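# Chain and residue survey
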Amino acid sequence: MASYDVIIIGSGPGGYVSAIRCAQLGLKVACVEGRETLGGTCLNVGCIPSKALLHATEMLHEAQHNFSEMGLKGKTQSVDWKQMLAYKDKTIGQNTSGIEFLFKKNKVDWLKGWGSIPEAGKVKVGDDVHEAKHIVIATGSESSSLPGVEVDEKTVVTSTGALELGKIPKSLVVIGAGVIGLELGSVYARLGAEVTVIEFLDAITPGQDGEVAKTFQRMLKKQGLKFVMGAAVQGATVKSGKATVTYKLRKDDSEASLPADTVLVATGRKPYTDGLGLEALGVEMSERGQIKTDAHYATNIKGIYAIGDAIAGPMLAHKAEDEGMAVAEGIAGQKPHVNYGVIPGVIYTHPEVSSVGETEESLKEQGRAYKVGKFSFMGNGRAKANFAGDGFVKILADKTTDRILGAHIIGPMAGDLIHEICVAMEFGAAAEDIARTCHAHPTYSEAVREAALACGDGSIHM
Ligand code: NAI
């Protein structure tokens, strides 16, 4: 048995970042992880492996579609699926061992095994019970199930199974046009699968700025993805390794079905808190299974905190990381703050889609007066040279004060470009502040400046 200032349960982006921050602040800290490797869902079966497959298949697309125009010969690329998966696994390994190195460097103890909390101040891992003044639950989330659809991770898969399919399916039905469905749907469409996405709502990516969602869907259709919108999936059956997905159209209640080699269930995730013993402890939970916390991530039980996907808010690795740092700093006596109004969201498709802050829809709902500054990547020299002219930057600013309220980007490197606007928003900047900042030419970032200019007297290149 060992005694710690802080024990963190879970080593995903929330947990491992929190552990490192605790150590940096002079606290004696341990992190409990039952997987073979550190990093949680994100590094092992989520963000990182999916980005490896997205990158590989984007290269394939580039080779198939744009190489010849650039004078590059030998454009026919064939796919060695086993090698592609090996590259993905190598990427995972580099990242998970990187966390192990950081733990050693910062003197964070890794308690190997699944943790539970027998009582406040104690964490049980295997047969050992450790003491901790503070316990942080960072156990993340798991795929939520869909009635009538049984996941076997072979024919009917979640994102986990979709990252290690035995072979590339000829046909893939994706249930849910959210982030996971569209990222992984794109991967398999580029690998030659016929991909059909079935979505309950009438628009893809719920919560997204409407104009961006429409443009995004048009681009995905151009890439070969098919959509069945306004359809509720009723069930999936598997016979001799082939699946049939049945759905009901909301507009007229008519039923239809689709055959598929593989079905990806991507209808959301739910907090993962099984086996922690929270019920016996009396930790308050919401109706959605999230651990209830106050503004300092404290639960109703003294000394027990929770962060990341296990609590309320967007299920994003970087949101968990920020909360992980904040909870550590709070325990160390500092006064941290997470600005939930400036948390970017990125969809890593090709092109990428990113957003921060308000959408036009949310501003209208609040009855706020705003202006829109928009700039198309068609007017950006760098984008044109790189076959990336499709898409735009859109900045929403307060009509009177010019303060930036939100931004939405669909286009090349959108996931990186958004951070200029995040920093500006964090500093309470006006669109004019970005417009008056010199941006290097030729860069994609110029499109952000041009959108900011469009909030004022007008963009130059449009
Ligand atoms: P999601 O919540 O983003 O999307 C689920 C979609 O499924 C919704 O559009 C919903 O209307 C639809 N749906 C639900 N039930 C249905 C039914 N019976 N029939 C048809 N459609 C149905 O969930 P997703 O994509 O599974 O992602 C889970 C979480 O992981 C999200 O919070 C997401 O933000 C996060 N994530 C983030 C990534 C990123 O930041 N790039 C990457 C992957 C996941």
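Residues numbered from 1 in each chain as written. Predicted model: local features only at pLDDT ≥ 70, side-chain atom pairs only at ≥ 80, totals over all residues. Heavy atoms only, no water.

## Considering helix α3 (residues 47–65)
What counts is decided by this rule: Only DSSP runs of H or I with at least four residues qualify as helices, and only runs of E with at least two residues qualify as strands; both kinds are numbered from the N terminus onward. Take the number of residues in a helix, subtract one, and multiply by 1.5 Å to get its expected span. To sort residues, take the accessible area from a 1.4 Å probe on protein chains only and compare it with the maximum for the residue type: under 20% means buried, over 50% means exposed, and anything in between is partly exposed. Every residue pair with non-hydrogen atoms within 4.5 Å of one another is taken to be in contact.
With 19 residues, α3 should cover 27 Å at 1.5 Å per step; its first-to-last C-alpha distance of 26 Å lies within 8% of that length. Among the residues of α3, P49, S50, A52, L53, L54, A56, T57, E58, L60 and A63 are the ones counted as buried. On its buried face, α3 sits against α2 (40–45), α4 (81–106) and α6 (179–190).

## Concerning the nonpolar core
Defined as follows: Here, nonpolar core means buried Ala, Val, Leu, Ile, Met, Phe, Trp, Tyr and Cys residues that are tied together by side-chain atoms lying within 4.5 Å of each other.
Ranked by internal contacts, the top residues of the largest apolar core, which has 52 residues, are I8 and F103. Looking at which element gives the most residues to this core, the answer is helix α1 (residues 13–24), with 6 residues. Sequence-distant contacts of I8, that is, excluding residues within four places in its chain, are made with G15, S18, A19, C22, V29, A30, C31, V32, V136 and A138. Counting 37 residues, the second-largest nonpolar core is a separate cluster that includes L184, Y188, V212 and L220.

## Topic: the pattern of salt bridges
Working definition: two side chains of opposite charge can pair if their charged atoms are close together. Let me state the cut-off plainly: Salt bridge criterion: a side-chain nitrogen from Lys or Arg within 4 Å of a carboxyl oxygen from Asp or Glu.
Following the criterion strictly, the structure yields 20 salt bridges and no others. In this structure, K133 and D5 form a salt bridge, with 2.7 Å as the shortest nitrogen-oxygen distance. Pair noted here: K133 is in strand β6 (residues 128–137) and D5 is in strand β1 (residues 3–9), with a separation of 128 residues, a long-range link. By relative accessible area, which is 16% here, D5 ends up buried. K319 is paired through a salt bridge with E323; the nearest N and O atoms lie 3.1 Å apart. On the criterion of helical spacing, the pair formed by K319 and E323 is a turn pair, its members being 4 residues apart in helix α9 (residues 317–331). When sorted by exposure, K319 lands in the same class as E323, which is buried. Sharing partners across several salt bridges, the network here consists of D209, E211, E360, K364, K374 and K394.

## Overview of the environment of C22
Tracing the backbone shows C22 in helix α1. In this structure, the C-alpha to C-alpha distance between C22 and V108, residues 86 residues apart in sequence, is 8.8 Å. Those residues in contact with C22 that lie beyond four places of it in its chain are V6, I8, L27, V29 and A328.

## Examining the site of the ligand
Note the cut-off: Think of it this way: one heavy atom of a residue within 4 Å of a molecule or strand is enough to make that residue near it. Each polar contact in these results corresponds to two N or O atoms within 3.5 Å; when the atoms are within protein, one needs to be able to donate a hydrogen and the other to accept it, and residues that are neighboring in sequence are counted only if both atoms are side-chain atoms. Values of accessible area rely on a 1.4 Å probe in the Shrake-Rupley scheme; residue burial ignores everything except the protein chains shown. In the scheme used here, Gly and all other residues not listed as nonpolar or charged are polar, with Ala, Val, Leu, Ile, Met, Phe, Trp, Tyr, Cys and Pro taken as nonpolar and Asp, Glu, Lys and Arg as charged.
Near the ligand you find 23 residues, and of these I180, E183, E199, G268 and V346 are the closest. A distance of 3.1 Å is found between a nitrogen atom of the ligand and a backbone nitrogen or oxygen belonging to F200. The contact in question runs from an oxygen atom of the ligand to an N or O atom on the backbone of A266, over 3.4 Å. Starting from 850 Å² of accessible surface for the ligand in isolation, the protein chains cover 79%. Partitioning the shell around the ligand into residue classes produces 16 nonpolar, 4 polar and 3 charged.

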